[in-house]
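Analysis of the macromolecular model
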There are 2 protein chains.
Amino acid sequence: MQPGSDDAEGREDCAPRRALELFSAKWTSMILHTLHTVHDGRARTGVLHRSLPGLSKKMLVQTLREMEHSGLIERHVESAVPPAVRYSLTPLGRRFVDLVELVYDWGRRNSDALDELRPRASSRRRAD
Amino acid sequence: MQPGSDDAEGREDCAPRRALELFSAKWTSMILHTLHTVHDGRARTGVLHRSLPGLSKKMLVQTLREMEHSGLIERHVESAVPPAVRYSLTPLGRRFVDLVELVYDWGRRNSDALDELRPRASSRRRAD
DNA sequence: CTGTATCCGCCGCGATACTG
DNA sequence: CAGTATCGCGGCGGATACAG
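What counts as what
- Residues numbered from 1 in each chain as written.
- Chains lettered and ligands numbered in written order.
- Predicted model: local features only at pLDDT ≥ 70, side-chain atom pairs only at ≥ 80, totals over all residues.
- Heavy atoms only, no water.
- Phe/Tyr/Trp six-rings, centres within 6.5 Å; stacked < 30°, edge-to-face > 60°.
- Helix = DSSP H or I, 4+ residues; strand = E, 2+ residues; numbered from the N terminus.
- Buried < 20%, exposed > 50% of the residue type's maximum accessible area, 1.4 Å probe, protein only.
- Contact = heavy atoms within 4.5 Å.
- Buried area = accessible area lost by both parts, 1.4 Å probe.
- Salt bridge = Lys/Arg side-chain N within 4 Å of Asp/Glu carboxyl O.
- Polar contact = N/O pair within 3.5 Å; in protein donor to acceptor, adjacent residues only side chain to side chain.
- Least-squares fit on C-alpha atoms with pLDDT ≥ 70 in both.
- UniProt positions renumbered as here; feature names shortened; annotations may be inferred.
- Pairing = 2+ DSSP bridges.

The name an unreviewed UniProt entry assigns to chain A is Helix-turn-helix transcriptional regulator, from the organism Croceicoccus marinus.

A closer look at the packing of aromatic side chains
Under the criterion given, the structure shown has five aromatic pairs over all chains. Between Trp106 of chain A and Phe96 of chain B, the aromatic rings sit 5.3 Å apart at their centres with planes inclined by 65°, giving edge-to-face as the arrangement. With Trp106 of chain A in helix H5 (residues 91–109) and Phe96 of chain B in helix H5 (residues 91–109), this residue pair bridges two chains. When the centroid spacing of 4.9 Å and the interplanar angle of 50° are considered together, the rings of Phe23 of chain B and Phe96 of chain B count as tilted. Taken as a pair, Phe23 of chain B in helix H1 (residues 14–24) and Phe96 of chain B in helix H5 lie far apart in primary sequence, 73 residues in all. Under the relative-accessibility criterion, Phe96 of chain B is labelled buried at 0%. Through pairs of rings, three or more aromatic residues link up here, namely Phe23, Phe96 and Trp106 of chain A together with Phe23, Phe96 and Trp106 of chain B.

A closer look at the interface of chain A and chain B
Taken residue by residue, the interface counts 52 residues in chain A and 53 residues in chain B. Each partner contributes to the roughly 4900 Å² buried at the junction of chain A and chain B, and carbon and sulfur atoms together form 63% of this total. Linking chain A to chain B there are zero salt bridges. Between chain A and chain B we count six residue pairs in polar contact (both at pLDDT 80 or more) in total.

Some details on the relation of the copies chain A and chain B
Mapping one chain copy onto the other needs a rotation about an axis and a shift along that axis. Superposing chain A onto chain B takes a rotation of 180° plus a shift of 0.0 Å along the axis, which leaves an RMSD of 0.1 Å. Expressed as a symmetry operation, the mapping of one chain copy onto the other fits a two-fold axis. Minimal C-alpha distance to the rotation axis in chain A is attained by Ser24 of chain A, lying at 2.0 Å. Both copies share a contact surface, since 100% of the interface residues of chain A are interface residues in chain B too.

Some points on helix H1 (residues 14–24) of chain A
Most of H1 of chain A sits inside the fold, with eight of its eleven residues counted as buried. Residues of H1 of chain A that are buried: Ala15, Pro16, Arg17, Arg18, Ala19, Leu20, Leu22 and Phe23 of chain A. If you follow the buried residues of H1 of chain A, they end up packed against helix H2 (28–37) and H5 of chain A together with H1, helix H2 (28–37), H5 and helix H6 (111–115) of chain B.

Some thoughts on the UniProt feature "domain: HTH hxlR-type" (unreviewed entry) in chain A
Mapped onto this numbering, the UniProt entry annotates "domain: HTH hxlR-type" (unreviewed entry) at residues 14–115 of chain A. As annotated, residues 14–115 of chain A has a helix share of 63% and a strand share of 18%, and its two end C-alpha atoms lie 33 Å apart.

Quick word on the pattern of salt bridges
Residue and element names in this part refer to chain A. As enumerated under the stated definition, the model contains six salt bridges over all chains in all. Here Asp105 makes a salt bridge to Arg108, at a shortest N to O gap of 3.2 Å. Of the two residues, Asp105 and Arg108 are both situated in helix H5; the distance of three residues between them amounts to about one turn of the helix.

Here's the deal with the pairing of strand E3 (residues 83–89) of chain A
When a strand is regular, its side chains alternate between the sheet's two faces. All names here are of chain A. Burial analysis of E3 places five of its seven residues in the buried class, which makes it a mostly covered element. Relative to E3, strand E1 (residues 42–44) runs antiparallel, the two being bridged by three bridges. The partner of Arg42 across the bridge, within E3, is Ser88. Pairing analysis gives seven bridges linking strand E2 (residues 73–80) to E3, with the strands arranged antiparallel.

What follows is the structure in structure tokens.
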């Protein structure tokens, strides 16, 4: 698929597509959720990292960069030595978190249906 | 990260996590959206495929399998020769589509903020 | 503490060919 | 038309080492 051509079902839906992309990023939603509910919208890198056990440092930083670039969070350097950096939600980030929380709520409401199977996205060997 | 240990911030949040996984699957939401809004919740494979220009056949079928396994859709073989298969939303699928539509709406409402930047997930060489 | 750079295995995903 | 199998590449993401 060429970079010049559109990718799927027309351009008029590109904004919703961007919203889906935000959710597709593996850790974005969880980082935002943690930042919002655990740290009240503002936290230092290390603290955030410790709140997300399965997340490697590399992915944390990389995702934070993307989130910053997407306008979901802001990066504040509070001291240079020793380095102290805090990340906080932007207005867009706060609006997106609301959506993320809706997804979390949906998951909780449908936990019984979701627990019944193992979806195991991709590369499954058998439907068993 | 070991398979035996939990992966992030505890198990009590596994259902929300599953919900996020559903969104993380690249095409699931769009297929569901198309199936729901364009085909009224029920469509044949080829028709669905033609409604999603950027999606390869392989990914379509693979994603449909996963969605079926996740309980979002049902597969109906309506005739064997020539093969005619239809996919339709399950109750869970219908509930999930509602959520997907919320995300689409959110994207449309925030299209101005989303259009201002190119998030380009991963492997970016420069911040602008 | 915060962040970058490099190496590298794994697999997501498209292209192609084939079955019924 | 619906689906599977195989190959191949690009990049996701972990581990490690390094810098300020």
